[in-house]
Amino acid sequence: MSSSVLMLALMVSIIFTGCSSKEKNEDIVTKRVEASDFVLEVTTSPVSSKGETMKVKGTLKYIGITPVEVTHGKPIIRFFFSGSDEERNYTDVGYVTEFKSGQVVEVEDEFIVTKKGKQNLYVEMTGDIALAMDPIEIIVK
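Residues numbered from 1 in each chain as written. Predicted model: local features only at pLDDT ≥ 70, side-chain atom pairs only at ≥ 80, totals over all residues. Heavy atoms only, no water.

**Examining unusual backbone geometry**
Here is the rule: Only DSSP runs of H or I reaching four residues or more are called helices, and only runs of E reaching two or more are called strands; each is numbered from the N terminus.
Residue Pro-75 is reached from Lys-74 by a cis peptide bond, and omega for that bond is -5 degrees. Locating Pro-75 in the fold gives a position in the loop between β5 (68-74) and β6 (77-81). Of note in the backbone geometry, Ser-36 takes a positive phi value of approximately 45 degrees without being a glycine. Looking at the element boundaries, Ser-36 is found in the loop between β1 (29-35) and β2 (38-44). A positive phi angle, close to 65 degrees, is found at Asp-37, a residue other than glycine.

**Structural notes on the pairing of strand β9 (residues 117-125)**
So the rule is basically this: Between any two strands, pairing holds if DSSP finds at least two bridges.
Judged from the 5 bridges that link them, β6 and β9 form a sheet pairing that is antiparallel. Within the sheet, the bridge partner assigned to Phe-80 lies in β9 and is Tyr-122. Bridge analysis of β9 against strand β10 (residues 136-140) gives 5 bridges, and the strand direction is antiparallel. Note on β10: the bridge partner recorded for Lys-118 is Ile-139.

**A short note on the pattern of salt bridges**
The line we're drawing: When a carboxyl oxygen of Asp or Glu is within 4 Å of a side-chain nitrogen of Lys or Arg, the pair counts as a salt bridge. To sort residues, take the accessible area from a 1.4 Å probe on protein chains only and compare it with the maximum for the residue type: under 20% means buried, over 50% means exposed, and anything in between is partly exposed.
Taken as a whole, this structure holds 5 salt bridges when the rule is applied. Put simply, Lys-115 and Asp-85 hold a salt bridge, and the shortest N to O gap is 3.6 Å. With Lys-115 in the loop between β8 (104-112) and β9 and Asp-85 in the loop between β6 and β7 (91-99), this pair connects stretches of sequence that are 30 residues apart. You can call Lys-115 partly exposed: its relative accessible area is 35%. Within this structure, Glu-86, Arg-88 and Asp-109 form a network of salt bridges that share partners.

**Side note on the sheet that holds β6**
The strand order β3-β10-β9-β6 describes an open sheet built from 4 strands, whose pairing is mixed. Only two strands of the sheet have a single neighbouring strand rather than two, namely β3 (47-48) and β6.

Written out as structure tokens, the structure reads:
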């Protein structure tokens with residue numbers, strides 16, 4: 001009897017954990033684009049409030065088979081957010097990375113949100129990689 005009660009309690013807690021986890025993930029926006037043996041995935045929250053910090057993460061994965069050298073700036077993935085007055089100082093050239101099959105590069109950034117309304121997060125690749133991603137719309141309350 002006690003093992004049945006324990007099992008029931010465990011199942012209920014798993015169900016509630018699963019539901020609360022799903023609700024949190026509804027706020028996450030992920031966009032993905034694939035071109036020339038690379039996959040770029042960008043994750044950010046779609047709704048921010050003025051004065052908060054918005055975090056973004058870009059993941060670049062090489063899906064080709066043969067290793068390839070890429071000349072690029074630093075960071076290789078760059079973010080620009082229309083809802084912030086912050087400026088970035090990037091290095092435009094001078095870096096070479098050899099990508100091997102399955103290699104992943106992650107870039108994280110954050111912006112202090114200063115403007116309300118519909119804003120756009122722009123994602124740009126530097127150097128030899130030609131990946132174009134449409135802006136990600138962010139609603140700032």
